[in-house]
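# Secondary and tertiary structure notes
This is what each chain is made of:
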Amino acid sequence: MARCPRTVFLSLLCAASCARALAQPAGLPDGPPAQVEGESDVAQTKPADFIYVATTRPDRIGRVMVPVFVNDVGPFAFLIDTGASSSVLSPRVAARLKLTAHPTRTALLRGITGSEVVPTVLVDKISAGGITLTARHLPVVEPRVFADADGIFGADVFGHGCLKVEFKVARVSIHEGHCPRRSGGLWEEVPAQLRFGGLPVVTARVGNVRVAGIIDSGAERSLGNPALLAALGLEAAARDPAARIQVYAATSQLVFGSVVESPTLRVGGIQIDRLVAIFGPFDVFRLWGVENEPALVIGMDILGSTDGLMIDFERQRVRLLPRIPDGVVIERRGNGSRVR
């Protein structure tokens, strides 16, 4: 009897402009460029000087990757996706480890723009940092928008632990249990809810509009839904043909959105001016049940512009560290910081 495919959500997203950039390794001004296995059909393990974390800059979107061992082979570079319900492998890793697709077990992959059925493979062990999973059937997904990554680390791995990303020093750590209660410095902490299979959701504001802010390290660009666009009164700007842009996601469907400059984004005490988001009726908002309320997927264009991101999945807290140097002004006002 054929099994019903289990549902896996991946929120990976890339706009047309960043799809071209992802075809080549991201330039990393703070260190040597990332080593990439190129067009090989078999994944190569990464060298000791591989750069896993890159901050967002005016000329590129940042990324968060982590060294991962699969069946004790590695390290491979996996993208950290806080919007993914499951970890996945690229076909290159499956080929390297000679993993074959399960004859009856498949997964229904749901992404930003649509859904499709993908094969799964049995992985004996997958580990990173202080976390190890055993005997898992993981989906095998074509790397349409994660380019040089060998796979994705999702909420099944870090969903009950602590994820800490320090963009300034290009460091990422994952461990079981809660994050340290005291972080020091200017870290801003906001309460979160784990919704939609483990996605951290915070209360944010865009201008004067209260929004559900979905923290998503797998999305290159921040996304707004039509309800937020209407609440901001920016529908005319979205209809401008010059604002139209093609959006790529984890599944094969291609859709269009509109790039619109929006009012200031506030998350807790952090204020980020000149928010530019892509607005559209993306399928993900319907899947999450927020199509009728203002919602914003907060992607790496915003998250990578900070100096640090910490998610305490056990305590349901999100911490952000404002970026301080290189032309960015931090104004401490009471319990908040202003990023300009």
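Residues numbered from 1 in each chain as written. Predicted model: local features only at pLDDT ≥ 70, side-chain atom pairs only at ≥ 80, totals over all residues. Heavy atoms only, no water.

A word on the overall build of the chain. Looking only at helices and strands, the chain has seven helices and 27 strands in total. Taken across its 340 residues, the chain has 55% of its residues classed as buried. Excluding contacts between residues fewer than 6 apart, the proportion of contacts in the chain whose partners are at least 24 apart in sequence is 67%. Split by element, the accessible area of the chain, about 14500 Å² in all, is 50% carbon and sulfur. (Helix = DSSP H or I, 4+ residues; strand = E, 2+ residues; numbered from the N terminus. Buried < 20%, exposed > 50% of the residue type's maximum accessible area, 1.4 Å probe, protein only. Contact = heavy atoms within 4.5 Å. Areas by Shrake-Rupley, 256 points an atom, 1.4 Å probe, with all protein chains shown as cover.)

Enumeration according to the criterion identifies one disulfide in this entry. For Cys 162, the disulfide goes to Cys 179, at an S-S distance of 2.1 Å. One quick way to see it: the torsion about the S-S bond of Cys 162 and Cys 179 is about 105°, and its sign makes the bridge right-handed. Placement of the pair is Cys 162 in strand 11 (residues 161–166) and Cys 179 in the loop between strand 12 (171–176) and strand 13 (188–191), with a sequence separation of 17 residues. (Disulfide = S-S within 2.5 Å.)

In this structure, the amide linkage connecting Gly 74 to the following residue, Pro 75, adopts the cis form with an omega of 10°. Examined against the element boundaries, Pro 75 turns out to sit in strand 5 (residues 73–80). For Asn 71, which is not glycine, the phi dihedral falls at a positive 50°. Even without being a glycine, Asp 72 presents a positive backbone phi close to 70°. Mapped onto the elements, Asp 72 comes out in the loop between strand 4 (63–70) and strand 5.

What follows is about the environment of Val 88. Mapped onto the secondary structure, Val 88 falls in strand 6 (residues 88–89). According to the relative accessible area criterion, Val 88 is buried, its value standing at 0%. Here the alpha-carbon distance between Val 88 and Val 141, two residues 53 residues apart in the chain, equals 6.6 Å.

Turning to the confidence of the model for the chain, a few remarks are in order. Low pLDDT marks stretches whose predicted atomic positions should not be read closely. Residues with a pLDDT of 70 or more make up 77% of the chain, whose mean pLDDT is 79. When the elements of the chain are averaged for pLDDT, helix 1 (residues 16–22) gives the smallest value, 38, and helix 4 (residues 226–232) the largest, 97. Residue range residues 13–40 is modelled with pLDDT below 50. Its contacts to residues more than four positions away, or to other chains, number 62 contacts. (pLDDT = per-residue confidence, 0-100.)

A separate point is the sheet that holds strand 12. One open sheet holds the five strands; their spatial order is 12-11-24-25-13, and the pairing between them is antiparallel. Every other strand in the sheet has two partners, leaving strand 12 and strand 13 as the edge strands with one partner each. Within this sheet the neighbouring strands show an average axis-to-axis angle of 10°, counted without direction. Here strand 11 runs beside strand 12; their pairing, made up of six bridges, is antiparallel. The residue bridging Glu 166 from the neighbouring strand is Arg 171, located in strand 12. (Pairing = 2+ DSSP bridges. Axes fitted to C-alpha atoms, helices over the stretch in contact; angles between N-to-C directions.)

So, on to the pattern of salt bridges. As enumerated under the stated definition, the model contains 10 salt bridges in all. Here Arg 319 and Glu 189 are joined by a salt bridge, their closest N and O atoms 2.9 Å apart. Within this pair, whereas Arg 319 is found in strand 25 (residues 317–321), its partner Glu 189 is found in strand 13, the two being separated by 130 residues in sequence. Owing to a relative accessible area of 5%, Arg 319 belongs among the buried residues under this scheme. (Salt bridge = Lys/Arg side-chain N within 4 Å of Asp/Glu carboxyl O.)

Once that is clear, we can look at the packing of aromatic side chains. Overall, the coordinates contain three aromatic pairs when judged by the stated rule. Judged by centre distance (4.6 Å) and plane angle (65°), the ring pair of Phe 50 and Tyr 52 falls under edge-to-face. Per residue, the accessibility class of Phe 50 equals that of Tyr 52, and both read buried. Taking the centre distance of 5.9 Å and the plane angle of 80° together, the rings of Phe 78 and Phe 153 count as edge-to-face. Linking Phe 78 in strand 5 with Phe 153 in strand 10 (residues 151–153), this pair joins segments that are 75 residues apart in sequence. A relative accessible area of 0% places Phe 78 in the buried class. (Phe/Tyr/Trp six-rings, centres within 6.5 Å; stacked < 30°, edge-to-face > 60°.)

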